[in-house]
Amino acid sequence: MSESVRDWREYYREMESSAPLVIYYPLCGGGEECITACPYGEKIWEVKPMKVSLFGVKEKVRLRPVMANPELCRNCQLCVEACPTGALRPGDTPVRHPVLTLVYNTLRLPFKGKYNLKFVFRKEHVERFRKNNGLEV
Ligand code: SF4
C-alpha cells in the first residue's frame, strides 16, 4: 500500500470545510453515480485513491469521488439523490448510523424514481464499481 495515499477521513474533513456536501466514504461503493447525475460532473468531481473499506469491510486503497472544485457546486443535491447507499449527503445531515443508513438506502433503491436499481446497474456504473474497487473490468 502506497504511503502517499491518504486516509478517507482527510478527504471527509476537506469536504466538511469546503463543500455543502460530505461523503461518508466507508458507505461509498465507488460506482460514480454522483458524478453521472451532477450537471457539472467532470468540472466538479475527480476520483482519487484513498485508504477506505467497502461497506465497512477490509480497508485498502480504492478510488473514490472527491470534489476537486467545490466552489462550482450549486447545491442542487441531484448527486445526493443519485447516491445509492446514502454515503453522499448534505453537510448538515452527516451519517450518524452507518449500518442503518446502508440498509435504509438499499431497501428504498427499487422505489427511487430516476435513480433506481436500473440506474445503479447501468453498464458504466458497474464498470466503475469494479475499476474503483480494484476488481477486474
Ligand atoms: S449538489 Fe448539484 S452541483 Fe453540487 S455536486 Fe451535487 S449534483 Fe453537482
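Our subject is the structure listed above.
All values reported here derive from a predicted model rather than from experimental measurement.

1. Remarks on the overall build of the chain
Working step 1: Within the chain one finds seven helices and five strands.
Working step 2: Secondary structure of the chain in N-to-C order comes out as β-α-β-α-α-β-β-α-β-α-α-α.
Working step 3: For a compact globule of 137 residues, the expected C-alpha radius of gyration is about 14 Å, and the chain comes in at 14 Å, within 12% of that figure.
Working step 4: Within the chain, buried positions represent 45% of all 137 residues.
Working step 5: Taking contacts inside the chain between residues at least 6 apart in sequence as the whole, the part at least 24 apart equals 62%.
Working step 6: For the chain, the distance from the average position of its 22 positive side-chain charges to the average position of its 16 negative side-chain charges is 4 Å.

2. Here's the deal with the environment of Ser-18
Working step 1: For Ser-18, the location among the structural elements is in helix H1 (residues 8-18).
Working step 2: With 52 residues separating them in the primary sequence, Ser-18 and Pro-70 have C-alpha atoms 6.6 Å apart.
Working step 3: In terms of polar contacts, Ser-18 uses its side chain to reach the backbone carbonyl oxygen of Glu-14, at 2.7 Å.

3. Things to note about unusual backbone geometry
Working step 1: In this structure, Lys-58 is a non-glycine residue whose phi angle is positive, near 50 degrees.
Working step 2: One can find Lys-58 in strand E4 (residues 57-67).
Working step 3: Taking relative accessible area as the criterion, Lys-58 reaches 65% and is therefore assigned exposed.

What counts, and where the lines are drawn
- Residues numbered from 1 in each chain as written.
- Predicted model: local features only at pLDDT ≥ 70, side-chain atom pairs only at ≥ 80, totals over all residues.
- Heavy atoms only, no water.
- Helix = DSSP H or I, 4+ residues; strand = E, 2+ residues; numbered from the N terminus.
- Rg over C-alpha atoms; globule rule 2.2 N^0.38 Å.
- Buried < 20%, exposed > 50% of the residue type's maximum accessible area, 1.4 Å probe, protein only.
- Contact = heavy atoms within 4.5 Å.
- Lys, Arg positive; Asp, Glu negative; His and termini not counted.
- Charge placed at Lys NZ, Arg CZ, Asp CG, Glu CD.
- Polar contact = N/O pair within 3.5 Å; in protein donor to acceptor, adjacent residues only side chain to side chain.

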